[in-house]
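# Results of the structural survey
Single-letter residue listing:
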Amino acid sequence: MVDKELIQHEVVPPCKKDSSLRGEYHWYHSITGKVAIYLMLGILIAYGVGSGAGLFEVNRISHEQWFKQASTNSQITSYIIRNIYTSVTVKSNHEGQVISIESERPLCDDETVIQTGFDPADMLTLVSTQTHNPTWLLLYDKNKGFTDTQTVQKITAVDDTANGAALEKYYRGFVSIGGKEYFVGSIPIVNLSGELIGAVVSSIGERNALFATHNQLLKNTLLMLILILGITVVVVNWLVRNLFRPVPRLVQAVTLIADEQTDQVTPFQNQEDEIGELAKAIEKLRVAMVDRGYLQRMQEMAQKMEYMAHHDSLTLLPNRVAYRNSIDDRLIRLRTEGCIFNLLLIDLDNFKPVNDTYGHVVGDELLVESATRLTDLLNDGDMAIRLGGDEFAILQRVNKDSISEAETLARRVLEALSQPFTCSGHTFSISCSIGISCAPRHGNTREDLFTHADLALYTSKSFGRNCFHFYSHGMTMNPSNNLLFSQEIEDGIRNNEFFLHYQKITSLGNYAIEGYEALVRWQHPTRGLLQPHHFISVSEDIGLITRLGEWLIRSACMDAANWPTAKTVAVNVSPHQLRSPRILDIIRNALQESGLDPARLEIEITGSEQLDREIILPALNAIQALGVGIVLDEFGTGFATLDYLIIFPFSHIKIARSLIDVLDKCEDSQVLVGMLVRYALQRGLKVTAKGVETQQQYEFLATLGGEEITVQGYYFSRAVENASVVAELELELELEKMESTCNL
């Protein structure tokens, strides 16, 4: 807006109008007057052209800024979605911008919510928090078009209001949402067949807000032009005296902006005249250029952060995050296209002595050189990863025979890493140990493949190192590692490296959640995530199972006591723990500290070991007297015979997974499982079938008495963190409330 005092000062008073006109007449006939007229006309023309150019440039830069900000918001949105929904994949253009998201199912369905623990509204809130603008998750229907999953409002692009076809591809522009127009970046979501199932839309602001600065600048410019035309005669002398000083400076300022040198503030902004307004307009242009540069730097930083999040900073190899994404992608291609692959875990032998002797600088150089040698061995489709410490991995694409190709690559790795290293003037030799698992021969999940390759790696170390082994059934961790694990397990308990996952137990009758089984995991500082078979047997051998078991029971009780609904929690207890005189106090204290109802706690005793009647029976009777349930796990295998149900106070049995695995392949297994289930039900025991993973297994168990049998396994749910359990139970509670309201 033009300052009112400026207008008052520059308007000619009525009493002086005649004298001004007479002076004006003489002024026109003077040389100075002619120069002033030409100069004024030139100024007016130059200002008009400059203002138009400035408006055009501001308008262009504004639109570029909107497009870049929309691209950045879309990039942030896709990055957050990939971290939450780890099963999705993305497609990018040549600029690295994500242009589509591929998902097996809509991101808002119940199964996706259960698997990830994230409700779509939570995901949208997280994205909006990062972008500082609204975000919408859309569902696509061929007849209805795009609708918001939260408000069920129809959303269309302003450029294509007829059918919203613009949103079917990667789109940046205006859309109409709830009667308002927003400038957005939209990424389509397609299923594995390429069919459009939805879109995720992130806004950078409403149309009115985005155009506010532009409109204000236009208004100011128009007012200034009118003002100049009205007071030209009054201010011409002042312009003649002062024109030649600011114009070259402002021209220089515009030139610097054109050369993208935006560090100097535009001069003459404090002048209360047209020059000052022009300087302010140029300053706005400079600020717009600065903002554009800021957005460019933000985009570059986002790309750099994306790279750093997926690569090891030392070796520049892909890291654990990239490993998980890559192996998940390969597992999808394994199921859909039959593309088999191998996982090779590689651990450098004698790295610690080198690191301790020559220092971390030499150790780092050794890791970098090892990474280079591994990279040189890769073929098309292979991927080398640094998992952490001195542990590497290779995902190998198999062309024909997985065993022979893995063996060939393993021998080349052994040869490459056995060659002498020269680091910082020191020459030395090391070797490596390799464990190999082949997909799907040795597993069809990320966890199974890593676990089996890890067991094979330990086998290689136990055979003297500098060798490789394939996983074979029955492999266990070498007891020679017990002393090493003793201190590591103690440190793990003290440093809270152990945590619990929970696998739900579901009723076959009504699919209701009956409870959860607590499964311990170890986030090892160097070896990564370890499954129980890595450390439970070692803990028993070195006498740490009681301490670890005490932590497990206490943690499970604390978690279960805070669940929104009263579900049971089952905790595995080994016979070694039952022989401890402290076991009763451990359970009693855990119940008292947590406030958990004893009826909600179940103690699982594995049937794979023989139970000493004289020692175990009194312990189980005392535990049962507390009101705690006793479960016989892995029933039907090992030492878990029918007489156990008579001798010991079991109230619940779990059919062994090994029997469930072959239900759809072996009639004898079906007969045996049927007999065990009927016998247990006749004795009034609860029955759970473990390891249910297929539709055929589920259907057979349903024929045995679906109303009385519970099941657990990947067919229903994998083991999840406690936060996911809480979210799942809250959802179940909400659904129950809705059903009761409908019944009323």
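Residues numbered from 1 in each chain as written. Predicted model: local features only at pLDDT ≥ 70, side-chain atom pairs only at ≥ 80, totals over all residues. Heavy atoms only, no water.

### Side note on the overall build of the protein chain
Within the protein chain, the secondary structure is distributed over 24 helices and 25 strands. Burial analysis of the protein chain (744 residues in total) assigns 47% to the buried set. Partitioning the intrachain contacts of the protein chain with sequence separation of at least 6 by distance along the chain shows that 64% fall at a separation of at least 24. Summed over all atoms, the accessible surface of the protein chain reaches about 36500 Å², with 53% contributed by carbon and sulfur. (Helix = DSSP H or I, 4+ residues; strand = E, 2+ residues; numbered from the N terminus. Buried < 20%, exposed > 50% of the residue type's maximum accessible area, 1.4 Å probe, protein only. Contact = heavy atoms within 4.5 Å. Areas by Shrake-Rupley, 256 points an atom, 1.4 Å probe, with all protein chains shown as cover.)

### Focus: the packing of helix α10 (residues 351-358) against helix α11 (residues 360-376)
To describe two helices that pack against each other, one gives the angle between their axes and the distance between the axes. Between α10 and α11, the least distance of the axes is 6 Å, while the angle of their chain directions is 140°. When the axis of α10 is compared with that of α11, the two are oblique. Residues F351, V354, N355 and Y358 of α10 form the contact with α11, whose own contacting residues are H360, V362, G363, L366 and L367. For the contact of α10 with α11, the class distribution of residues is six nonpolar, three polar and no charged. (Axes fitted to C-alpha atoms, helices over the stretch in contact; angles between N-to-C directions. Parallel < 35°, antiparallel > 145°, perpendicular 65-115°, else oblique. Nonpolar A, V, L, I, M, F, W, Y, C, P; charged D, E, K, R; others polar.)

### A few points about unusual backbone geometry
Omega for the bond connecting A439 with P440 falls within 30 degrees of zero, at 5°, which places this linkage in the cis form. In this fold, P440 is placed in the loop between β14 (431-439) and α13 (446-462). The phi dihedral of N350 is positive, around 65°, even though this residue is not glycine. Positive phi values are uncommon outside glycine, yet S424 reaches one of about 55°.

### Here we look at the nonpolar core
With 72 residues, the main nonpolar core has L601, F650, I655 and L701 as its most contacted residues. For this core, the element with the highest residue contribution is helix α16 (residues 545-561), accounting for seven residues. Those residues in contact with F650, other than ones at most four positions away along the chain, are I605, L611, L620, I630, V631, L632, Y644, L645 and L685. If you look at the next biggest cluster of nonpolar residues, it comprises 32 residues, including L377, A410, V413 and C432. (Core = buried A, V, L, I, M, F, W, Y, C linked by side-chain atoms within 4.5 Å.)

### A closer look at the side chain of H501
Locating H501 in the fold gives a position in strand β16 (residues 498-507). Not counting residues within four places of it along the chain, the set of residues in contact with H501 comprises E517, A518, L519, R521, A719, V720 and E721.

### Topic: the pattern of salt bridges
Applying the stated criterion to the full structure yields 21 salt bridges. A salt bridge links R718 to E447, with the nearest nitrogen and oxygen atoms 4.0 Å apart. Of this pair, R718 sits in the loop between β24 (709-712) and β25 (720-721) while E447 is found in helix α13, placing the two residues 271 residues apart along the sequence. For E447, a relative accessible area of 30% puts it in the partly exposed group. Put simply, K690 and D633 hold a salt bridge, and the shortest N to O gap is 3.2 Å. One end of the pair, K690, is in strand β23 (residues 686-690); the other, D633, is in strand β21 (residues 629-635), and 57 residues separate them in sequence. (Salt bridge = Lys/Arg side-chain N within 4 Å of Asp/Glu carboxyl O.)

### Notes on the pairing of strand β10 (residues 383-388)
β10 sits mainly inside the fold: six of its six residues count as buried. Hairpin geometry of β10 and strand β11 (residues 391-397) is characterised by an intervening segment of two residues between the two adjacent antiparallel strands and by a positive phi of about 60° at G389. (Pairing = 2+ DSSP bridges.)

### Focus: the pairing of β14
A large share of β14 lies buried, amounting to nine of its nine residues. Side chains S431, S433, G435, S437 and A439 project from β14 onto one buried face, and the interleaved C432, I434, I436 and C438 project onto a second face that is buried too. The pairing of strand β9 (residues 341-349) with β14 spans nine bridges and is antiparallel. Within the sheet, the bridge partner assigned to L343 lies in β14 and is S437. Examined bridge by bridge, β14 and strand β15 (residues 468-470) share three bridges and lie parallel to one another. The residue bridging I434 from the neighbouring strand is F468, located in β15.

### Overview of the packing of helix α9 (residues 320-337) against α13
In the contact formed by α9 and α13, the axes pass within 10 Å of each other and the chain directions differ by 115°. The orientation of α9 with respect to α13, classified from their angle, is roughly perpendicular. Touching R320, Y323, R324, I327, D328 and L331 of α9 are R446, L449 and F450, all from α13. Its residues placed into classes, the contact of α9 with α13 shows five nonpolar, no polar and four charged.

### As for a nonpolar patch on the surface
Taken together, the side chains of L731, L735 and M738 make up a nonpolar region of the molecular surface, amounting to roughly 250 Å² of accessible area. Along the polypeptide, L731 turns up in helix α24 (residues 722-743). A relative accessible area of 32% means that L731 is categorised as partly exposed. (Patch = residues over 30% accessible without salt bridge, like charges linked within 9 Å, V, L, I, M, F, W, Y side chains within 5 Å.)

### Focus: the environment of T422
With respect to the helices and strands, T422 occurs in strand β12 (residues 421-423). Within polar-contact distance, the side chain of T422 engages the side chain of T427 at 3.2 Å. (Polar contact = N/O pair within 3.5 Å; in protein donor to acceptor, adjacent residues only side chain to side chain.)

### Section: the packing of aromatic side chains
Scanning the entire structure with this criterion turns up 18 aromatic pairs. Between W136 and Y182, the ring centres sit 5.1 Å apart and the planes meet at 65°, which makes this aromatic pair edge-to-face. Remark: Y182 occurs in strand β7 (residues 180-190) and W136 occurs in strand β3 (residues 135-141); sequence separation between them is 46 residues. Each member of the pair, W136 together with Y182, is buried. (Phe/Tyr/Trp six-rings, centres within 6.5 Å; stacked < 30°, edge-to-face > 60°.)

### With respect to the sheet that holds β10
With mixed pairing, five strands are arranged side by side in an open sheet as β10-β11-β9-β14-β15. Only two strands of the sheet have a single neighbouring strand rather than two, namely β10 and β15. Averaged over neighbouring strand pairs, the angle between their axes works out to 20° when direction is ignored. The strands touched by helix α12 (residues 402-418) are β9, β11, β14 and β15; relative to β14, the strand with the most contacts, the crossing angle is about 165°.

### Section: α10
Every buried residue of α10 is listed here: F351, V354 and N355. Buried residues along α10 cover an arc of 95° about the axis, so they all sit on one side. Residues of α10 that are exposed and angled more than 90 degrees away from the buried face: K352, D356 and T357. One or two steps after α10, the chain reaches G359, where phi turns positive at roughly 100°. (Arc of directions from axis to C-beta.)

### Here's the deal with the confidence of the model for the protein chain
In this model, the protein chain carries an average pLDDT of 80, and 82% of its residues clear a pLDDT of 70 or more. This model gives residues 1-33 a pLDDT under 50, and the stretch forms 28 contacts once residues within four places in sequence are excluded. Here residues 479-483 scores under 50 on pLDDT; set against residues more than four positions off or in separate chains, the count is four contacts. (pLDDT = per-residue confidence, 0-100.)

### As for the state of the cysteines
According to the stated counting rule, one finds zero disulfides in the structure shown. Cysteine C467 is unpaired, with the sulfur of C432 as its nearest cysteine sulfur at 9.2 Å. Classification of C467 as buried rests on a relative accessible area of 16%. (Disulfide = S-S within 2.5 Å.)

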